[in-house]
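A look at the structure
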Amino acid sequence: MAKKNENNPKLALRQAVPGDVAALVDLTARIYTSEWGHSAEMLRSQQTHFPEGQFVVEYEGNIVGYCATFRIDESVALKPHTWMQITGGGMASRHNPDGNWLYGMEVVVHPDYRGMRIGQRLYQARKRLCDELKLRGITFGGRIPGLSRNIQRYGSAEAYVQAVVEGRRRDPTLSFQLANDFEIIGLLRAYVPTDYDSLGYAAHLVWRNPALLNQPDIPAVKSIRNLPDSVRVATVQYQQRRIGSFEEFATHVEYFTDIAADYNADFVAFPELITLQLLSIENEELSPVETIRKLSHYTPQVKELFSHLAVHYNINIIAGSHPTEQENGDIHNVCYVCLRDGSLHEREKLHPTPSERVVWNVTGGDSAATIQTDCGPIGVMICYDAEFPEVAKHLVDQGALMLFVPFCTDVREGYLRVRYCSQARAIENQCYVILSGNVGNLPGVNNFDIQYGQSCILTPSDFPFARDGIAADSTPNIETVLFADLRLESLARARNAGAVQNLKDRRFDLYETRWLTRPR
């Protein structure tokens, strides 16, 4: 059945192109005034010297963020300098193609779009570029806009900056830089003399590439797949509770999304059927089938909520699952995957449990496709689907590196079936599997009275991975959030040179799995 295409990104980070120049002139003029904003000539020059180092963030067709960088030698970058000196008057004319440091000459964010972590996205893009080019690190002069208001209290720029570093004072810009893993190596005097808020000073900041610490310079090598080496994943063990409104549900969900984003997670996963607590709002006496159809009326609000949170908090959300009525009247159990670029993807449960089929009249979906994310391809298996090896194999054959399993189980025996099968999927497919489950009770909601859950993040079983193949595990039946850093490079190493190599050693001469395409 045809579905509305909702996969076009609302927000995209990309390399700047000549066609962006007029919009960037307007954006920088809005931030610095037309007198001090970047001219068209400056912007074209930056792209000419180092096109791969210029980035824009586009939201719903409008450019709302920009950053400019160039390469430079350590001997120049780490010495005292002014902005005009080191950037060649904003032209990036001192770009050295063989320079071993990345210099950040500019970051601007449209004031109407602050709070969407656009600056954070641009800083992450710089770090990825630095890593891809195998550079020593990133350096720049960072503004200190709180200095002028506090100079009398602290007596000197050095004392004010020290107070910010020690956490005794918050500076709107410097505190952000420190939170993004930059360190101060000194102060730059007269860096931008017209920056009166900073009294002309700038903090000389560096981020040292962790891949090159205490190592000799390595020639740049083109990456085959533009993926991060490590991905931080959060999974929410969510307590079902009675609520009085959709807004109350949204508050709970946003709280956990905010927590995961504050810990710099790339993904946050929620449990299967998380939205069933919405039925406690009106608490009507309905048949089970009528109950599920009524819940489906919340579908537009659910999709809007998670899509908004993904963009606002700069995090990819696996939004559990939600019973959704299809155009032909069938009810499917659907996982909405909302990416931080604003795109929304639907993945349906393929295998409804006997209880779902009999009590709620839920029918299964027809396809399992991976989803391309900025951290590599992922797959979704909703609860019972994890107990069918063919589903995981199909997803991994498409390139999935991580499989997310939102689940909902009422008793320990049911939970263990999902847990043990998910661990098997991680081992046999040499991938990561992330489980997220419900806990707590919801009296009066048909087929959803009690919950047993123990969320976890599972790995293959080999030397590069966590002991027992468990990267993170929760205490059963309490509300909590788990985090784990998952190294994608470890998967590649295990698949190509592990103690066992399940993916490579499959006997294709003996058996095969063919996925059927059904007309819709």
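Here the structure is shown first, and the text comes after it.
These notes cover the structure that comes with them. None of the values given here were measured: they were computed from a predicted structure.

**Comments concerning the nonpolar core**
Counting residues in each nonpolar core, the largest one holds 60 residues, and the members touching the most others are Tyr-66, Phe-70, Tyr-103 and Ile-144. In contact with Phe-70, other than residues within four places in its own chain, are Phe-50, Ile-86, Thr-87, Ala-92, Arg-94, His-95, Trp-101, Leu-102, Tyr-103 and Met-105. Core analysis: the second largest hydrophobic core is formed by 51 residues, Ala-269, Leu-403, Tyr-415 and Ile-457 among them.

**Quick notes on the sheet that holds strand β2 (residues 54-59)**
Paired through backbone hydrogen bonds, the strands of a sheet run either parallel or antiparallel to each other. Taking strand neighbours across the sheet as the criterion, the 7 strands line up as β1-β2-β3-β4-β5-β7-β6 in an open arrangement whose pairing is mixed. Every interior strand has two partners, whereas the edge strands, β1 (11-15) and β6 (183-188), have only one. On average, each strand axis in the sheet is tilted by 25° relative to the strand beside it, whichever way the strands run. In this structure, strand β3 (residues 62-72) lies alongside strand β4 (residues 101-109), joined through 8 bridges in antiparallel fashion.

**Digging into the pairing of strand β9 (residues 267-270)**
Residues Phe-267 and Ala-269 point to one face of β9 and Val-268 and Phe-270 to the other, with burial holding for every one of them. Bridge analysis of strand β8 (residues 230-240) against β9 gives 3 bridges, and the strand direction is parallel. By the bridge assignment, Thr-235 is partnered in β9 with Ala-269. In this fold, the crossover linking β8 to β9 by way of helix α9 (residues 246-262) has right-handed handedness. Looking at chain direction, β9 and strand β10 (residues 316-319) are connected through 4 bridges and run parallel. The residue of β10 that forms the bridge with Ala-269 is Ile-318.

**Remarks on the pattern of salt bridges**
In this structure the tally under the stated criterion is 24 salt bridges. The shortest N-O distance in the salt bridge between Arg-14 and Asp-20 comes to 2.8 Å. Under the relative-accessibility criterion, Arg-14 is labelled partly exposed at 24%. By relative accessible area, which is 6% here, Asp-20 ends up buried.

**Structural notes on α9**
Here α9 spans 24 Å end to end across 17 residues, near enough to the 24 Å set by a 1.5 Å rise per residue. Residues of α9 that are buried: Phe-246, Phe-249, Ala-250, Val-253, Phe-256, Thr-257, Ala-260 and Ala-261. Down the axis of α9, the buried side of the element spans an arc of 140°, and every buried residue falls inside it. Buried residues along α9 sit against β8, β9, α11 (299-312), β10 and β21 (480-487).

**What to know about the packing of aromatic side chains**
This model, assessed by the stated rule, comprises 18 aromatic pairs. Ring plane angle 75° and centroid distance 5.3 Å describe the contact between Tyr-123 and Phe-176, whose orientation is recorded as edge-to-face. Within this pair, whereas Tyr-123 is found in helix α5 (residues 118-132), its partner Phe-176 is found in helix α8 (residues 174-179), the two being separated by 53 residues in sequence. We classify Tyr-123 as buried; its relative accessible area is 6%. Its relative accessible area of 28% is what places Phe-176 among the partly exposed residues. Summarising the aromatic geometry, the rings of Tyr-255 and Phe-256 are spaced 5.1 Å apart at their centres and angled 75° between planes, so their arrangement reads as edge-to-face. What makes Phe-256 buried here is its relative accessible area of 6%. One cation-aromatic arrangement involves Arg-126 over Tyr-123; the distance from NZ or CZ to the ring centre is 5.4 Å.

Here is what the cut-offs are and how they apply
Residues numbered from 1 in each chain as written. Predicted model: local features only at pLDDT ≥ 70, side-chain atom pairs only at ≥ 80, totals over all residues. Heavy atoms only, no water. Core = buried A, V, L, I, M, F, W, Y, C linked by side-chain atoms within 4.5 Å. Buried < 20%, exposed > 50% of the residue type's maximum accessible area, 1.4 Å probe, protein only. Contact = heavy atoms within 4.5 Å. Pairing = 2+ DSSP bridges. Helix = DSSP H or I, 4+ residues; strand = E, 2+ residues; numbered from the N terminus. Axes fitted to C-alpha atoms, helices over the stretch in contact; angles between N-to-C directions. Right-handed = clockwise from strand over helix to strand, strands pointing away. Salt bridge = Lys/Arg side-chain N within 4 Å of Asp/Glu carboxyl O. Expected span 1.5 Å × (residues − 1). Arc of directions from axis to C-beta. Phe/Tyr/Trp six-rings, centres within 6.5 Å; stacked < 30°, edge-to-face > 60°. Lys NZ or Arg CZ within 6 Å of the ring centre and 35° of its normal.

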